[in-house]
Amino acid sequence: MITPEITTTRCRGCDAQVYGLDGRYACGLCSWSNHWDEGHRPLPASDRTAGDVDVLE
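I will try to describe carefully the structure that is included in this document.

### Some details on the pattern of salt bridges
Side chains that differ in charge, positive against negative, can pair when their charged atoms come close. Tallied over the full model, the rule gives three salt bridges. Its salt-bridge partner being Arg12, residue Glu38 comes within 2.7 Å of it at the nearest N-O pair. Separated by 26 residues along the polypeptide, Glu38 in the segment after β2 (17-21) and Arg12 in the loop between β1 (6-10) and β2 bring together distant segments of the chain. In this structure, Asp22 engages Arg41 in a salt bridge whose closest nitrogen and oxygen atoms are separated by 3.3 Å. Placement of the pair is Asp22 in the segment after β2 and Arg41 in the segment after β2, with a sequence separation of 19 residues. For Asp22, a relative accessible area of 10% translates into the label buried. Judged by its relative accessible area of 25%, Arg41 falls in the partly exposed class.

### Some points on the nonpolar core
Formed by Cys11, Val18, Tyr25, Cys27 and Trp32, the largest nonpolar core amounts to five residues. Ignoring anything within four residues of it in the chain, the contact list for Cys27 reads Cys11, Cys14, Val18 and Trp32.

### Side note on the environment of Tyr19
Within the secondary structure layout, Tyr19 lies in strand β2. On the basis of relative accessibility, which here comes to 54%, the residue Tyr19 falls in the exposed class. Residues Tyr19 and Thr9, spaced 10 residues apart in sequence, show a C-alpha to C-alpha distance of 6.7 Å. Setting aside chain neighbours within four positions, we find Tyr19 in contact with Ile6, Thr7, Thr8 and Tyr25.

### Let's talk about the pairing of β1
By the bridge criterion, five bridges tie β1 to β2 in an arrangement that is antiparallel. Counted as the bridge partner of Thr7 is Gly20 from β2. The loop that links β1 with its antiparallel partner β2 comprises six residues; one of these, Asp15, has a positive phi angle of about 70 degrees.

### What to know about the layout of surface pockets
Space inside the largest pocket adds up to approximately 190 Å³. As for the largest pocket, its lining consists of Met1, Ile2, Thr3, Pro4, Asp22, Arg24, Arg41, Pro42, Leu43 and Pro44. Here the lining of the largest pocket is built from residues that sort into six nonpolar, one polar and three charged.

What counts and what doesn't
- The numbers attached to residues start from 1 for each chain and follow its sequence in the written order.
- Local features in this predicted model are restricted to residues of pLDDT 70 or higher, and side-chain atom pairs are both shown and tallied only at a pLDDT of 80 or more, whereas totals for entire chains, interfaces and linings draw on every residue.
- Note that water and hydrogens are dropped before the side-chain values are worked out from all heavy atoms of the structure.
- Note on definitions: salt bridges are taken to be side-chain nitrogens of Lys or Arg within 4 Å of carboxyl oxygens of Asp or Glu.
- The way it works is that DSSP assigns letters per residue, a run of H or I at least four long becomes a helix, a run of E at least two long becomes a strand, and they are numbered from the N terminus.
- The buried label goes to any residue with under 20% of its type's maximum accessible area, the exposed label to any with over 50%, and the partly exposed label to all in between, with areas taken from a 1.4 Å probe on protein chains only.
- Here, nonpolar core means buried Ala, Val, Leu, Ile, Met, Phe, Trp, Tyr and Cys residues that are tied together by side-chain atoms lying within 4.5 Å of each other.
- The contact criterion used is simple: two residues touch if any of their non-hydrogen atoms lie within 4.5 Å.
- Between any two strands, pairing holds if DSSP finds at least two bridges.
- Definitions used throughout: a 1 Å grid over protein atoms alone; a cavity as a set of points that fits a 1.4 Å probe which cannot get out; a pocket as an open set with protein on both sides within 12 Å along at least five of seven lines; a lining residue as one with an atom within 4 Å of a point.
- Grid points are joined across faces, edges and corners, and a volume is the space filled by probe spheres set on the points.
- Each residue is assigned to one class: nonpolar for Ala, Val, Leu, Ile, Met, Phe, Trp, Tyr, Cys and Pro, charged for Asp, Glu, Lys and Arg, and polar for all the others, Gly among them.

Structural data, given as structure tokens:
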């Protein structure tokens, strides 16, 4: 099992220092977040299959 790394950067919205996991960030001050694909590693695969998803009608 890979342990995530705690990383830091400056918020692109308000310039506050933010902490995240593996390069994925969300700012609690201004609600900015970076795109999921900017992370340092691929996201783990889901344990769910397409048949497990509930569809809202």
